[in-house]
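Coordinates in review
Each chain, written out:
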Amino acid sequence: MKYDPRDVDIVSLRRKKKRRRQLTKFTIFALIVTLGITAYVKVDDWFPKLEGIGSRFQSVKSNNGDSADGNFPLSVSGGIDYQVGNLNDYLAILSDAYLYIYDQDGDLYDERQHAYANAMMQTAEKKVLIYESGGNNFRVDSRRKNLYSKKLDNTIVFARISESGSTAIITNSDNYACKLLVFDDTGNQIYSRNCVERVVDIAFNESSTGCVLSTSDAQNGELVTKLISVDFNSEKDKWTSEAFSTMCLKTCYDENGIFLIGDTKCAYYDSKGKQTLTYDYPSTLIDWDYSADGAALLFENETKRQSYFTTINSKTKEICEKEFDVAGSKCIQIAERYVYVMNKNGISRFGFKGTEETNISSENSYDGFIIIEDYIFQLGYDRIDRTEYKE
């Protein structure tokens, strides 16, 4: 029989073409889904390999012994923002993507990717806390490994870690000013509190069984701070202090009491919340440090081009003031029984009462420093250097 093109069913052909196109689309979709599931299942196997690729482009690098000072200075690429802390006598450096751990000789001990946006770091003895300010994630690491990581429902405002490894997290809240969550050293939640007050800082007590919350509020047209003592085993507050007319910057807690550092004045409190000492600042507060011996506060008067520092003994509450005709104050730290001050002339060491001045370094290109055992690590825009000093 002769084939006649007019006998072809046009509608049938169109249906067959449509089915072929649908089958092709379905096949491609199924392939994409399969690849996606495979990638998700294998992500734990692939991620370490990807980390290895990233490590070739470290943002913080040692000199591998090529310089006169061995592995120092450490180079910080691109002028990235970085944070530094003392992690069990190792140098912990947090960049925008990695946690680097260096020993005191500048050898890289470990590097770990954190992938947190706007990451912040706090160190305490053998633990380091990294949290995502304005995000939901935080983690706690030791020198050897990551101990645990968590993702919270609400965004993190700030976080603190105690010397025993307990962690306090302040988050946003839909119905309250903020919310407090406390985790033990293994990551188990042990306490929560819906706060009607705006909490601006937290200080753990020595046993990490409770803490003091520093709260901020407006009263009679000025900012005031109140302290609230909290026990993690009780729903009731232990005490609340009287309002103190300053904005809290930092709260410290030890066996001698509680020290509140404000923007215009500071104060000591006893363990029951009674104020035992106040000190009005002589000039603009630049920096501060706190240890078991007491507090050290650094000031600068730009008009007179003078700097000051004040020490307050935590036991005796003795106040000592030291004035020097040098402007450009940057940083102050307490180490053992000495106070170290960085200004435009370098770093000088003083006795706790402001006597026994000794020049440690004349280098003025750094913005801050951290002391770990017998070394001062000087922190610059694109480098971290090391200076050895003797007691």
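As shown above, the structure is provided for reference.
Treat the numbers as computed from the prediction; the structure is a model and nothing was measured.

Scoring rules and cut-offs
- Residue positions are given per chain, counting from 1 as you read along its sequence in written order.
- Predicted model: local features are reported for residues with pLDDT of at least 70 only, side-chain atom pairs are reported and counted for 80 or more only, and whole-chain, interface and lining totals are derived from all residues.
- The side-chain figures draw on all heavy atoms in the structure; neither hydrogens nor water molecules are used.
- Pairing between strands is defined by DSSP: at least two bridges between the two strands are required.
- Helix and strand assignments follow DSSP, with helices taken as H or I runs no shorter than four residues and strands as E runs no shorter than two, numbered in order from the N terminus.
- Axis lines are fitted to C-alpha atoms, over the contacting stretch for helices. Their N-to-C directions set the angle, which ranges from 0 to 180 degrees.
- Classification of ring pairs uses Phe, Tyr and Trp, with its six-membered ring standing for Trp, and accepts pairs whose centres are within 6.5 Å; under 30 degrees between planes counts as stacked, over 60 as edge-to-face, and the remaining range as tilted.
- Only protein chains enter the accessibility calculation, which uses a 1.4 Å probe; a residue is then buried when its area is under 20% of its type maximum, exposed when over 50%, and partly exposed in between.
- Counting as a charge over the ring demands two things of the Lys NZ or Arg CZ atom: a distance within 6 Å of the ring centre and an angle within 35 degrees of the ring normal.
- Residues enter a patch when their relative accessible area is above 30% and they make no salt bridge; the linking distance is 9 Å between like charges and 5 Å between nonpolar side chains (Val, Leu, Ile, Met, Phe, Trp, Tyr).
- Only the protein chains shown count as covering a residue, and every accessible area follows the Shrake-Rupley method with a 1.4 Å probe.
- By salt bridge we mean one thing: a side-chain nitrogen of Lys or Arg within 4 Å of a carboxyl oxygen of Asp or Glu.

Focus on the sheet that holds strand β4 (residues 90–94)
If you trace the four strands from one edge of the open sheet to the other, you get β3-β4-β5-β6, paired in antiparallel fashion. The open sheet has two free edges, formed respectively by β3 (83–87) and β6 (108–113), since each of these has just one partner strand. Each adjacent strand pair in this sheet contributes to an overall mean axis angle of 20°, direction not counted.

Observations concerning the packing of aromatic side chains
Per the counting criterion, the structure on display carries 15 aromatic pairs. Summarising the aromatic geometry, the rings of Phe204 and Phe232 are spaced 6.2 Å apart at their centres and angled 75° between planes, so their arrangement reads as edge-to-face. Here Phe232 lies in the loop between β17 (222–231) and β18 (239–240) and Phe204 lies in strand β15 (residues 198–204), a separation of 28 residues in the sequence. Relative accessible area serves as the criterion here: at 8%, Phe232 is assigned to the buried category. A centroid spacing of 6.2 Å and a plane angle of 55° characterise the contact between Tyr375 and Phe377, whose relative ring orientation is tilted. By the burial criterion, Tyr375 is buried, and Phe377 matches it. Connected via pairs of aromatic rings, a cluster forms that spans Phe72, Tyr375 and Phe377. Stacked on the ring of Tyr268, the Lys or Arg Lys317 has its end atom at 4.6 Å from the ring centre. Taking the ring centre of Tyr338 as reference, the NZ or CZ of Arg349 above it sits at 4.4 Å.

Section: a nonpolar patch on the surface
A cluster of nonpolar side chains, contributed by Leu223, Met247 and Leu249, occupies part of the molecular surface with about 210 Å² of accessible area. By the element assignment, Leu249 lies in strand β19 (residues 248–254).

Brief notes about the pattern of salt bridges
A complete count under the given rule lists 10 salt bridges for this structure. Where Asp237 meets Arg193, a salt bridge forms, and the shortest distance between an N and an O atom there is 2.6 Å. One end of the pair, Asp237, is in the loop between β17 and β18; the other, Arg193, is in strand β14 (residues 189–195), with 44 residues separating them in the sequence. Relative accessible area serves as the criterion here: at 35%, Asp237 is assigned to the partly exposed category. In the salt-bridge network here, residues are joined through shared partners; they are Asp110, Arg112, Arg139 and Asp141.

Observations regarding the pairing of strand β7 (residues 119–124)
Here β7 runs beside strand β8 (residues 127–132); their pairing, made up of six bridges, is antiparallel. Within β8, the position partnered with Thr123 by the bridge is Val128.

Fair warning: the whole summary comes from geometry, so function is off the table for now.
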